[in-house]
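Commentary on secondary and tertiary structure
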Amino acid sequence: MKRLFCIAFIALCATIFWSCTTEYEYYTTTLNRFTIKEVNLPALDSIILYQDSQQVPHPWESGVVYSEQLSHEHRFKDYTPKDKLLASRSDSAAASMVIFSLGIDKFPNPITLKAHFEMKVTNSNYWESDRPYWSTARVDDFYLDIFGCEDFSCKTAEKIILRSGDYSQVLVIEPEDFTFTPIKFVQFYNGDCSEYTKNHAFNLKIKNKHITLDTDIQLGHINCREVIPNAMFAAIEEEP
């Protein structure tokens, strides 16, 4: 019995010592999510068609150029072309990759979404050249400023501005061309986290002759902590 008491006492002391010497690192992790259901801009369709028709340097023969010959072989990630020449997707290994993504650029008012459009072409003779398999052929970024979003689902939003980064091109999207609909805020995290901050969760639809967009957006963050490795042993070493 005495031996069991001693073991229990030692375990208790170790537990107390651990709780007193454990150190944590605190951090904030984002809960932002952008799920694109549909997006199309005729201007981006035109960029793809133009890029297809360009003569570009030959990937392995210096001084030689070749034409894409309007092959229109593309794989689309989160982008929906409306042009009939582009609408059929391709699984060809030589097909270029068209990528569209959304992210947050500024918060809280206006809420500024940054749209990133990137077109990557393939090097069909990758093994015989020093060029990488994927090469970026075109990158375009633009922004959507959402003004007046004061409630959780942004139903109070008054207008949306579609613009270039330097404001050289600005288009006002009127309320009759967009709708905000509430969606469920999804709580996800890994580790020891608490204190959710849920800013917004909504579906945004925009439809006019310049842009078609259907996307789910949630904005928020959560505070977390993690144990600093070897903090207990560092405390032991610091003792006189």
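Here the residue numbers are simple positions, counted from 1 along each chain's written sequence. Confidence filtering applies because this is a predicted model: local features only for residues at pLDDT of at least 70, side-chain atom pairs given and counted only at 80 or more, and all residues used for totals across whole chains, interfaces and linings. Side-chain calculation: all heavy atoms of the structure are included, whereas hydrogens and water are not.

A separate point is the pattern of salt bridges. Salt bridge, as applied in this entry: a Lys or Arg side-chain nitrogen positioned within 4 Å of an Asp or Glu carboxyl oxygen. Within the structure shown, the criterion is met by eight salt bridges. For the salt bridge of Asp-141 with Lys-114, the shortest nitrogen-to-oxygen distance reads 3.8 Å. Taken together, the residues span a long stretch of sequence, with Asp-141 in strand E8 (residues 134-147) and Lys-114 in strand E7 (residues 111-122) at a distance of 27 residues. Residue classification places Asp-141 among the partly exposed residues on the basis of a relative accessible area of 31%. Residue Asp-192 is joined to Arg-225 by a salt bridge in which the shortest nitrogen-to-oxygen separation is 2.6 Å. Linking Asp-192 in strand E12 (residues 192-207) with Arg-225 in strand E13 (residues 212-227), this pair joins segments that are 33 residues apart in sequence. Exposure is judged per residue with a 1.4 Å probe applied to protein chains only, and the accessible area is read against the type maximum: over 50% gives exposed, under 20% gives buried, and values in between give partly exposed. The exposure class of Arg-225 is partly exposed, given its relative accessible area of 29%. Counting from the N terminus, the helices are the DSSP runs of H or I reaching at least four residues and the strands are the DSSP runs of E reaching at least two.

Exposure above 30% relative accessible area and no salt bridge define the residues that can form patches, which grow by joining like charges within 9 Å and nonpolar side chains of Val, Leu, Ile, Met, Phe, Trp and Tyr within 5 Å. Surface accessibility follows the Shrake-Rupley procedure with a 1.4 Å probe radius. Residue values consider only the protein chains on display as shielding. Judged by side-chain polarity, Tyr-24, Tyr-26 and Val-227 come together as a nonpolar surface patch covering roughly 310 Å² of accessible area. Considering the arrangement of structural elements, one finds Tyr-26 in strand E1 (residues 24-30). In this structure Tyr-26 comes out as exposed when scored by relative accessible area, which is 59%.

This brings us to the side chain of Asp-45. Within the secondary structure, Asp-45 is located in helix H2 (residues 42-52). The side chain of Asp-45 is buried and forms no salt bridge, while Lys-82, the nearest opposite charge, is found at 7.7 Å. Two N or O atoms form a polar contact when they lie within 3.5 Å of each other; inside protein one atom must be a possible hydrogen donor and the other a possible acceptor, and for residues adjacent in sequence the pair counts only when both atoms belong to side chains. One polar contact links the side chain of Asp-45 to the main-chain amide nitrogen of Lys-82, over a distance of 3.0 Å. Any two residues whose heavy atoms approach within 4.5 Å are treated as being in contact. When residues no more than four places from it in sequence are discounted, the contact partners of Asp-45 are Asn-40, Tyr-79, Pro-81, Lys-82, Asp-83 and Leu-86. Charge assignment: positive for Lys and Arg, negative for Asp and Glu; neither His nor the chain ends contribute.

What follows concerns the state of the cysteines. Counting rule for disulfides: a pair of cysteine sulfur atoms within 2.5 Å. All chains considered together, the criterion is met by one disulfide. Covalently, Cys-149 is tied to Cys-154 through a disulfide, its sulfur atoms 1.7 Å apart. Handedness here is read from the sign of the S-S torsion; for Cys-149 and Cys-154, about -100°, the answer is left-handed.

Turning our eyes to something else, we now look at the confidence of the model for the chain. A score between 0 and 100, pLDDT records how confident the predictor is in each residue. For the chain, mean pLDDT is 81; residues scoring 70 or higher make up 72% of the total. Counted against residues more than four places away or in other chains, residues 12-19, with its pLDDT under 50, gives four contacts.

This part is about the pairing of strand E5 (residues 74-77). Only one face of E5 is buried: it carries His-74 and Phe-76, and the other face, with Arg-75 and Lys-77, is open. Strand pairing is assigned whenever DSSP detects at least two bridges linking the two strands. Bridge analysis of E5 against strand E6 (residues 96-106) gives four bridges, and the strand direction is parallel. Bridging from a neighbouring strand, Lys-77 pairs with Ile-99 of E6.

Tracing the backbone shows Lys-106 in strand E6. Classification of Lys-106 by relative accessible area gives partly exposed; the value is 40%. With 39 residues separating them along the chain, Lys-106 and Asp-145 place their C-alpha atoms 8.8 Å apart. Residue contacts for Lys-106: discarding those within four places in its chain leaves Ile-111 and Thr-112.

Right, let's get into H2. Along H2, the residues that are buried comprise Leu-44, Asp-45, Ile-47, Ile-48, Gln-51 and Asp-52. End-on view of H2: buried residues confined to an arc of 155°, all on one side of the axis. This arc is taken over the directions from the axis of the helix to the C-beta atoms.

This part covers the packing of aromatic side chains. Two rings from Phe, Tyr or Trp (for Trp, the six-membered ring) form a pair when their centres sit within 6.5 Å of each other. Planes less than 30 degrees apart are called stacked, planes more than 60 degrees apart edge-to-face, and all others tilted. Here the structure, examined in full by the defined rule, presents eight aromatic pairs. Ring centres 6.4 Å apart and planes at 55° place the aromatic pair Tyr-24 and Tyr-26 in the tilted group. When the centroid spacing of 6.0 Å and the interplanar angle of 65° are considered together, the rings of Tyr-79 and Phe-117 count as edge-to-face. A residue pair is termed long-range when its members are at least 10 positions apart, and Tyr-79 in the loop between E5 and helix H3 (84-87) and Phe-117 in strand E7 qualify at 38 residues. Summarising the burial analysis for this pair, Tyr-79 and Phe-117 share the class buried. Each residue in the set Phe-76, Tyr-79, Phe-100, Phe-117 and Phe-142 is aromatic and connected to the rest through ring pairs, giving one cluster. The cationic tip of Lys-159 hangs over the ring face of Phe-147; the distance from NZ or CZ to the ring centre is 5.5 Å. Think of it as a cone above the ring: NZ of Lys or CZ of Arg counts as a charge over the ring if it is within 6 Å of the ring centre and within 35 degrees of the ring normal. Here the guanidinium or amino end of Arg-225 rests over the ring plane of Tyr-24, the centre of that ring lying 3.8 Å away.

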